[in-house]
Structures are given as C-alpha cells and as structure tokens.
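# Secondary and tertiary structure notes
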Amino acid sequence: MPDKTFLQKLRNTLLQPVTALAAGVLATIIIILCTSAHPGTVIAKFFAGPFSSTYYFGCMLNTAGLLLLSAMGADLAIQSGSMNLGGEGQVYAGGFLAAMLLYALNKAGIPGPVALLLAAAAVCLVTGGLTLVSHLLSITRNVTVLLSSFLISQALIPVIDGAIAGPARDTTGNLLATPFIPVSMRFSQIMKPSLFNTSFFIVVVLFAVYALFLGKTRTGRQLIITGTAGQFARYTGMPTVSIQGWSLFASGALHGLTGFFAVTGAYYTCHNGFYSGMGWNALTVALIAARKPVFLAPSALLLAYLFTASNKATLSGTLNFDLPGILQGIILFFITAQIISTRRRNI
C-alpha cells in the first residue's frame, strides 16, 4: 500500500496543473454547448481535430516544441524568484536576429551548420543580455525585473516592426518579412506540409538537460532555494545575486532560441508579428507546471493540443471566435486563484 504522506504530496503536486487544464477543457465544452447548433458534432470535431491529418498533428508537435523551449525560459526566471515578462520581445528579437544573421552569413560564404551555430550563439548573447539589463536595473535602481523586462520588450517590438517594414524587408514579395534564409540553413521538415521539423528533437534534449540540472545538480538546488527562500539562501552564503543574474540571462537566451528555431525550422523568415502569443503562452505553461520542471513537457503538449484544436475549429468555420485566447484566460484565472488560496493558507 502506498504511504498516505506520499499520496497527499502527489495530490498536492498534481492539483494545480490538473485543475487548470481541466478548467480549460470544461470551459471549451461549455462554450461549444452554448454557441453551437450541433454541439455533439462540434465537440467531436474539436477534440479530434489535431489528429485529423498529418498537417495538424505535425503543427501540434511543432507548437509544443516551441512552447516547451520558451516555457523553460519562463520557468527558469520563476525558479530563481523573478518573473520575466519580456518573452514576446525576446522571441521576436531572436527570430529577427536569426533571419538577418543567417542571410548575412550566407552572403559571406559561411557553411550552413557553422552559420547556424554562430547565429544561435549570437541570439543567446543578445536576448540573454536583454534580461541581464533587467537584473542590473534591479540591483542598482531597485526596479523590479517583472516591470523592466516587460517595458524593454514592449519598447523593442515596434523597433523590430519598423526594421521589417523598412530596411530589413524583402522587396521581392508582398509579405512584411525579412528575406528568406537559404535552404542549407534550415532544419529539415518532418510530416510535410506541416511545420514539424528536426529542431523539435533538440528541444527535447535541452528539456532533459534542464530537468536534470534543476533536480540533480548542486547549482540547480541552490537556484531553487534562492527562489523559494531568498533570505535563507543569503544567510547561508549562497551567491544569490549572481544566481539570479545568470538564471535571468539564460531565461532570455531560451526565449531567443525559441525565435531562432521558429525561423530556422518553421517559417524560414522573420515576418511581422510571428512571435504573437508565444511569450505569454510559454508563461502559462510555466505557471501550470507550478515550479515542477517535469510538468513543463506535458503542460506544453496539452496546451498545444488545445490551441491546435481551437485553430482548426476556427479555420473550418466550426467556431467563429478567439477560443485560444479564452482558454488561456481561463487557465491563468484558475492558476492565480490557486496561488492566492495557497498563500492565504500559509499565512
């Protein structure tokens, strides 16, 4: 018989992610029941949508991979006791830098694999630097990372929009986008014509490394202690300032890599607004996981499934409103309610 204490801990651990996702699914069913003339048929088509074709199934896996990578960035900041709200701008900056650097490196005759590594490193340095600025503002000017990361991101987005609409725009087409990157610098597609590509497996490896780092290394444990008991960590001599600094740098770098993989694996160009929703959806995944890294993968997959089903239903005319936005709002509402309830019980 399993120990009662173990079962209690397991229940408490699973309560937040399961409740939040169940609330989203239940809300979807209720909305369909209230708005559709044939709710049974619509519900069946909605939940079977991601498996209805290779295209939608591949798109679901691609979305899950990008969500997981960006969610690791959001979760890393949360684990250190901060909140990185600049995910949208960091993803956008990563994609824009990837497109421009790969285009330039191809012009310079740099081989594809080498160009990809150089561009990925540059993206990590720049987007990681953006969050490092927030950390420096926090320790020198007492500006919260939550606020400064959001403001820097919101200031960066229109700058990139202007660059794409102006000097960086591809003049050979009508799309507001940068020039397409060469074929030699693209990740191979799987399940064509879906967006699923080989970068997904790199994300899986990165996730395994991330989970092992937090769970099995001394530095990972220090990071978690810094985020959950900052005063204790300082009194015991842990370098809390440097831990928060490099964790925020890595958070921005992971967001930037998300944009890098989106451009090199799915879109092959940085088009205006491709980042939309990625940062906030990743934050939703991290909040669902509730500081449990192992839950990031299933949370990302389930959210990608719901978003893909919603998009298919909307495109097919089954639904005529923004269900993904409603789903995200409901999930975040339940997560927030549970966090507030937990804090009240602990007072």
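Below, the structure is looked at part by part. (Residues numbered from 1 in each chain as written. Predicted model: local features only at pLDDT ≥ 70, side-chain atom pairs only at ≥ 80, totals over all residues. Heavy atoms only, no water.)

## Some remarks on the overall build of the protein
The criterion, for reference: Strands here are runs of E lasting at least two residues and helices are runs of H or I lasting at least four, both read from the DSSP assignment and numbered beginning at the N terminus. Residue burial is assigned from relative accessible area. The probe radius is 1.4 Å, only protein chains are included, and a residue is buried under 20% of its type maximum, exposed over 50%, and partly exposed in between. Pairs of residues are marked as contacts when any of their non-hydrogen atoms sit within 4.5 Å.
Helix and strand counts for the protein stand at 13 helices and 0 strands. Element order for the protein, N to C, with α for helix and β for strand: α-α-α-α-α-α-α-α-α-α-α-α-α. Burial status across the protein gives 47% buried among its 347 residues. For the protein, restricting intrachain contacts to residue pairs at least 6 apart in sequence, the fraction spanning at least 24 positions comes to 74%.

## Some remarks on the layout of surface pockets
Using the following cut-off: Site definitions follow a grid-based scheme: protein atoms alone, a 1 Å grid, a 1.4 Å probe that fits but cannot get out for cavities, and for pockets an open set with protein on both sides within 12 Å along at least five of seven lines, plus lining residues having an atom within 4 Å of a point. Grid points are joined across faces, edges and corners, and a volume is the space filled by probe spheres set on the points. Here the nonpolar group is Ala, Val, Leu, Ile, Met, Phe, Trp, Tyr, Cys and Pro; Asp, Glu, Lys and Arg are the charged ones; every other residue, Gly included, is treated as polar.
Each pocket or cavity is described by its volume, and for the second largest pocket that value is around 600 Å³. Taken together, 24 residues line the second largest pocket, and the ones lying closest to its centre are Thr63, Tyr267, Asn281, Phe307 and Asn311. Among the elements of the structure, helix 3 (54-79), helix 10 (240-267), helix 11 (278-289), helix 12 (296-315) and helix 13 (323-346) are those that each provide at least two residues to the lining of the second largest pocket. Element by element, the count of residues in the lining of the second largest pocket is highest for helix 3, at 8 residues. A breakdown of the residues in the lining of the second largest pocket according to their chemical character gives 12 nonpolar, 12 polar and no charged.

## A few points about the packing of helix 4 (residues 87-107) against helix 6 (residues 145-165)
In a pair of packed helices, the angle between the axes and the distance between the axes together describe the arrangement. This is how it is decided: Between N-to-C directions, angles span 0 to 180 degrees; the directions come from axes that are lines fitted to C-alpha atoms, helices contributing only their stretch in contact. Any angle that is under 35 degrees is reported as roughly parallel, and any over 145 degrees as roughly antiparallel; angles of 65 to 115 degrees are reported as roughly perpendicular and all others as oblique. By convention, the crossing between two helices is left-handed when the near helix turns anticlockwise from the far helix through less than a right angle, and right-handed when the turn is clockwise.
Interhelical geometry of helix 4 versus helix 6 gives an angle of 30° and a closest axis separation of 8 Å. As summarised for this structure, helix 4 and helix 6 are arranged roughly parallel, according to the angle between their axes. Note on packing geometry: the crossing formed by helix 4 with helix 6 is left-handed. Where helix 4 abuts helix 6, its residues Glu88, Gly89, Tyr92, Ala93 and Phe96 lie against Ser153, Leu156, Ile157, Ile160, Asp161, Ala163 and Ile164. Split by residue class, the contact of helix 4 with helix 6 holds 8 nonpolar, 2 polar and 2 charged.

## Some words on the side chain of threonine 226
How we decide: Side-chain atoms alone can form a polar contact between residues adjacent in sequence; in general such a contact is a pair of N or O atoms within 3.5 Å, and within protein one must be able to donate a hydrogen while the other accepts it.
Tracing the sequence through the fold places threonine 226 in helix 8 (residues 218-228). Classification of threonine 226 by relative accessible area gives buried; the value is 5%. Polar contacts involving the side chain of threonine 226 include one to the main-chain carbonyl oxygen of glutamine 222, which spans 2.8 Å. If near-sequence neighbours (up to four positions away) are discounted, threonine 226 is found in contact with Ser80, Ala233, Thr240, Ile243 and Gln244.

## Let's talk about helix 7 (residues 199-216)
Rule in force here: One less than the residue count of a helix, multiplied by 1.5 Å, gives the span that helix is expected to have. Directions are taken from the helix axis to each C-beta atom, and the arc is the one they span.
Here helix 7 is 18 residues long and its end C-alpha atoms lie 25 Å apart, about the 26 Å a rise of 1.5 Å per residue gives. All buried positions along helix 7 are accounted for by Ser199, Val203, Phe207, Tyr210 and Leu214. Angularly, the buried residues of helix 7 cover 90° about the axis, an arc narrow enough to put them on a single face. Exposed residues on helix 7 whose side chains face more than 90 degrees from its buried face are Val205, Val209, Leu212 and Lys216. Check the buried side of helix 7 and you find it contacts helix 3, helix 8, helix 10 and helix 12.

## Description of empty space enclosed by the protein
In this structure the tally under the stated criterion is 2 cavities of 30 Å³ or more. When its volume is computed, the largest cavity comes out at roughly 50 Å³. Around the largest cavity, the lining residues are Leu61, Asn62, Gly65, Leu66, Asn197, Ser199, Phe200, Val203 and Phe261. Elements with a minimum of two residues in the lining of the largest cavity: helix 3 and helix 7. Of the residues forming the lining of the largest cavity, the biggest block, 4 residues, is contributed by helix 3. Looking at the lining of the largest cavity, its residues break down into 5 nonpolar, 4 polar and no charged. One number sums up the size of the second largest cavity: a volume of about 40 Å³. Every residue lining the second largest cavity is listed: Asn84, Leu85, Gly87, Glu88, His255, Gly279, Trp280 and Leu283. At the level of secondary structure, the elements contributing two or more residues to the lining of the second largest cavity comprise helix 4 and helix 11. The element best represented in the lining of the second largest cavity is helix 11, accounting for 3 residues. Across the lining of the second largest cavity, the residue classes tally to 3 nonpolar, 4 polar and 1 charged.

## Observations regarding the side chain of serine 134
Looking at the element boundaries, serine 134 is found in helix 5 (residues 112-141). With sequence-adjacent residues up to four places away left out, serine 134 is seen in contact with Val143, Val145, Ser148, Ser149 and Ile152.

## So, the nonpolar core
Quick note on the threshold: To qualify as a nonpolar core, a set must consist of buried Ala, Val, Leu, Ile, Met, Phe, Trp, Tyr and Cys residues joined through side-chain atoms within 4.5 Å.
Formed by 74 residues in total, the largest nonpolar core has its most connected members in Met72, Tyr92, Phe260, Cys270, Phe274, Leu296 and Leu303. Ranked by residues supplied to this core, first place goes to helix 3 with 12 residues. Each residue touching phenylalanine 260, except ones within four places of it in the same chain, is listed here: Gly94, Gly95, Ala98, Leu116, Ala119, Ala120, Val123 and Phe187. Val42, Ile43, Phe46 and Ala309 belong to the second-largest nonpolar core, a separate cluster that totals 6 residues.

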